[in-house]
Amino acid sequence: MLVLSRKKGESIMIGDQIELVILSLEGDNVRIGINAPKQVGVFRKEVFESIQKANQEAANNTVSPQNIGKLIRKKQTD
């Protein structure tokens, strides 16, 4: 882990397209602005972990090919 000290208004560059800007320091809170391309997902860690968990659960809940016909027939009779 790289540890850097920054003051209000100073930045950190990640590669050549992502910039982290220290916006304010208030007690134990740091406000950070992130400039990144739209195709780069930027999430708080707890949100990212929730998305990962939901994706994993969805991947584990697949329908077997044998049951697809049953589901289609059931939908047609409803």
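Quick notes on the rules
- Residues numbered from 1 in each chain as written.
- Predicted model: local features only at pLDDT ≥ 70, side-chain atom pairs only at ≥ 80, totals over all residues.
- Heavy atoms only, no water.
- Helix = DSSP H or I, 4+ residues; strand = E, 2+ residues; numbered from the N terminus.
- Rg over C-alpha atoms; globule rule 2.2 N^0.38 Å.
- Buried < 20%, exposed > 50% of the residue type's maximum accessible area, 1.4 Å probe, protein only.
- Contact = heavy atoms within 4.5 Å.
- Areas by Shrake-Rupley, 256 points an atom, 1.4 Å probe, with all protein chains shown as cover.
- Lys, Arg positive; Asp, Glu negative; His and termini not counted.
- Charge placed at Lys NZ, Arg CZ, Asp CG, Glu CD.
- Pairing = 2+ DSSP bridges.
- Axes fitted to C-alpha atoms, helices over the stretch in contact; angles between N-to-C directions.
- Salt bridge = Lys/Arg side-chain N within 4 Å of Asp/Glu carboxyl O.
- Patch = residues over 30% accessible without salt bridge, like charges linked within 9 Å, V, L, I, M, F, W, Y side chains within 5 Å.

**Q** Would you explain the overall build of the protein chain in this entry?
**A** Tallying secondary structure elements over the protein chain gives two helices and three strands in all. The globule rule puts the C-alpha radius of gyration for 78 residues at 12 Å, and the 22 Å found for the protein chain is more than 25% above it. In terms of overall dimensions, the protein chain has a C-alpha envelope of 65 × 30 × 25 Å along the principal axes. Evaluated residue by residue, the protein chain yields a buried proportion of 8% over its 78 residues. When contacts within the protein chain are restricted to residue pairs at least 6 apart in sequence, those whose partners lie at least 24 apart make up 0%. Carbon and sulfur atoms form 53% of the exposed surface of the protein chain, whose accessible area is close to 7300 Å². Across the protein chain, the centroid of the 12 positively charged side chains sits 9 Å from that of the 9 negatively charged ones.

**Q** Sorry, what's going on with the side chain of Ser24 here?
**A** Relative to the elements of secondary structure, Ser24 occurs in strand β2 (residues 18-26). Judged by its relative accessible area of 10%, Ser24 falls in the buried class. Not counting chain neighbours up to four residues away, the residues in contact with Ser24 comprise Lys8, Asn29, Val30 and Arg31.

**Q** When you look at the sheet that holds β2 in this model, what are you seeing that I'm missing?
**A** Adjacent strands of a sheet pair through backbone hydrogen bonds, lying either parallel or antiparallel. Strand order in the open sheet made by the three strands is β1-β2-β3, with antiparallel pairing throughout. Looking at the sheet topology across the chains shown, the edges are occupied by β1 (11-14) and β3 (29-35). Looking at each pair of strands side by side, their axes are set apart by 25 degrees on average, direction ignored. Of the strand pairs in this sheet, β2 and β3 are connected by seven bridges, and their pairing is antiparallel. Within β3, the position partnered with Glu26 by the bridge is Asn29.

**Q** Before we go on, may I ask you to explain the pattern of salt bridges in this structure?
**A** Opposite charge on two side chains permits pairing when their charged atoms draw close. Inspection of the entire model under this criterion finds three salt bridges. Across the pair Arg44 and Glu46 runs a salt bridge whose closest N-O atoms are separated by 2.8 Å. With a relative accessible area of 56%, Arg44 lands in the exposed category. By relative accessible area, Glu46 is classed as partly exposed at 48%. The salt bridge partner of Lys45 is Glu49, with a shortest N-O separation of 3.9 Å.

**Q** Looking at this structure, I do not really get a nonpolar patch on the surface. What am I missing?
**A** Taken together, the side chains of Leu25, Val30, Ile32, Ile34, Val40 and Val42 present a nonpolar region at the surface, about 490 Å² in accessible area. Tracing the chain through its elements places Leu25 in strand β2.

**Q** Teacher, can you tell me more about the environment of Val42 here?
**A** Within the secondary structure layout, Val42 lies in the loop between β3 and α1 (45-60). Residue class for Val42 comes out partly exposed when judged on its relative accessible area of 46%. Every residue in contact with Val42, bar those within four places of it in the chain, is listed here: Ile34 and Ala36.

What is shown is where atoms sit, not what they do.
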